[in-house]
Amino acid sequence: MFYTYIIYSKALNKYYIGSCQDVEKRLQDHLNSRSNYTKVAKDWVLKYYETFPTRSEACKRELQIKKMKSRKYIETLIETKG
């Protein structure tokens with residue numbers, strides 16, 4: 001399985017959207033400074049994810065969410081999954 005995920009940093013008050021094959025491992029990468037964008041904070045929390053059968057579909061969904069350029073859209077996704 002492949003995933004599109006959203007993580008959140010309270011310290012930065014920012015969301016990060018990504019895709020991967022192992023969400024837990026990828027979250028640890030973010031927490032351990034293995035990603036340039038997320039290395040400035042150490043409090044990333046997984047807020048949302050979707051599963052897909054292929055990497056292509058997960059990447060396509062990641063881009064779809066990013067193209068929305070809307071914090072409100074992201075927060076609505078998180079709230080509706082909750």
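For the structure, check the block above.
Quick caveat: nothing in here was measured; it's all calculated off a predicted structure.

Student: For this particular structure, what's the right way to read the sheet that holds strand β2 (residues 14–20)?
Tutor: The strands that make up a sheet pair up through hydrogen bonds in the backbone, lying either parallel or antiparallel. Sheet architecture is open: three strands sit in the order β2-β1-β3, paired in antiparallel fashion. The two strands at the open ends of the sheet, each matched to only one other strand, are β2 and β3 (44–52). In this sheet, neighbouring strand axes are inclined to one another by 20° on average, regardless of whether the strands run parallel or antiparallel. By the bridge criterion, seven bridges tie strand β1 (residues 2–9) to β2 in an arrangement that is antiparallel. Each bridged residue has a counterpart across the sheet, and for Y8 the counterpart in β2 is Y15. Against the sheet, helix α3 (residues 71–81) engages β1, β2 and β3, with an angle of about 70° to β2.

Student: It is not clear to me how the packing of helix α2 (residues 55–68) against α3 should be interpreted in this structure. Could you clarify?
Tutor: If you want to describe how two helices pack, look at the angle between their axes and the distance between the axes. Put simply, α2 and α3 touch, their axes get as near as 7 Å, and they point 130° apart. Judged by the angle between their axes, α2 and α3 are oblique. Contact residues: α2 offers R61, I65 and M68, while α3 offers Y73, I74 and L77. When grouped by side-chain class, the residues that make up the contact of α2 with α3 number five nonpolar, no polar and one charged.

Student: I'm lost on the side chain of S35 in this one. Help?
Tutor: Structurally, S35 can be placed in the loop between α1 (23–31) and β3. Ignoring anything within four residues of it in the chain, the contact list for S35 reads Y16, R26, D29 and H30.

Student: When you look at unusual backbone geometry in this model, what are you seeing that I'm missing?
Tutor: Negative phi characterises most residues that are not glycine, and trans characterises most peptide bonds. With a phi angle near 55°, N13 is a residue other than glycine that sits in the positive phi range. Of note, N13 is situated in the loop between β1 and β2. Accessibility expressed as a relative area gives 41% for N13, which makes it partly exposed. If you check the backbone angles, K69 has positive phi at about 45° while not being a glycine. Tracing the chain through its elements places K69 in the loop between α2 and α3.

Student: Is there a simple way to think about the packing of aromatic side chains in this case?
Tutor: The description of an aromatic ring pair rests on the distance of the ring centres and on the angle between the ring planes. Taken as a whole, this structure holds four aromatic pairs when the rule is applied. Centroid distance Y3 to Y49: 5.9 Å. Interplanar angle 70°. Geometry classified as edge-to-face. Note that Y3 is positioned in strand β1 and Y49 in strand β3, a separation of 46 residues in sequence. The partly exposed category is assigned to Y49, whose relative accessible area is 35%. One aromatic cluster in this structure is built from Y5, Y16 and Y37. The ring of Y48 has K81 sitting right over it, with the charged end atom 5.5 Å from the ring centre. K81 extends its terminal NZ or CZ atom over the ring of Y49, reaching a point 4.1 Å from the ring centre.

Rules used in this analysis
Residues numbered from 1 in each chain as written. Predicted model: local features only at pLDDT ≥ 70, side-chain atom pairs only at ≥ 80, totals over all residues. Heavy atoms only, no water. Pairing = 2+ DSSP bridges. Helix = DSSP H or I, 4+ residues; strand = E, 2+ residues; numbered from the N terminus. Axes fitted to C-alpha atoms, helices over the stretch in contact; angles between N-to-C directions. Contact = heavy atoms within 4.5 Å. Parallel < 35°, antiparallel > 145°, perpendicular 65-115°, else oblique. Nonpolar A, V, L, I, M, F, W, Y, C, P; charged D, E, K, R; others polar. Buried < 20%, exposed > 50% of the residue type's maximum accessible area, 1.4 Å probe, protein only. Phe/Tyr/Trp six-rings, centres within 6.5 Å; stacked < 30°, edge-to-face > 60°. Lys NZ or Arg CZ within 6 Å of the ring centre and 35° of its normal.

Spatial relationships are all this shows, so hold off on functional conclusions.
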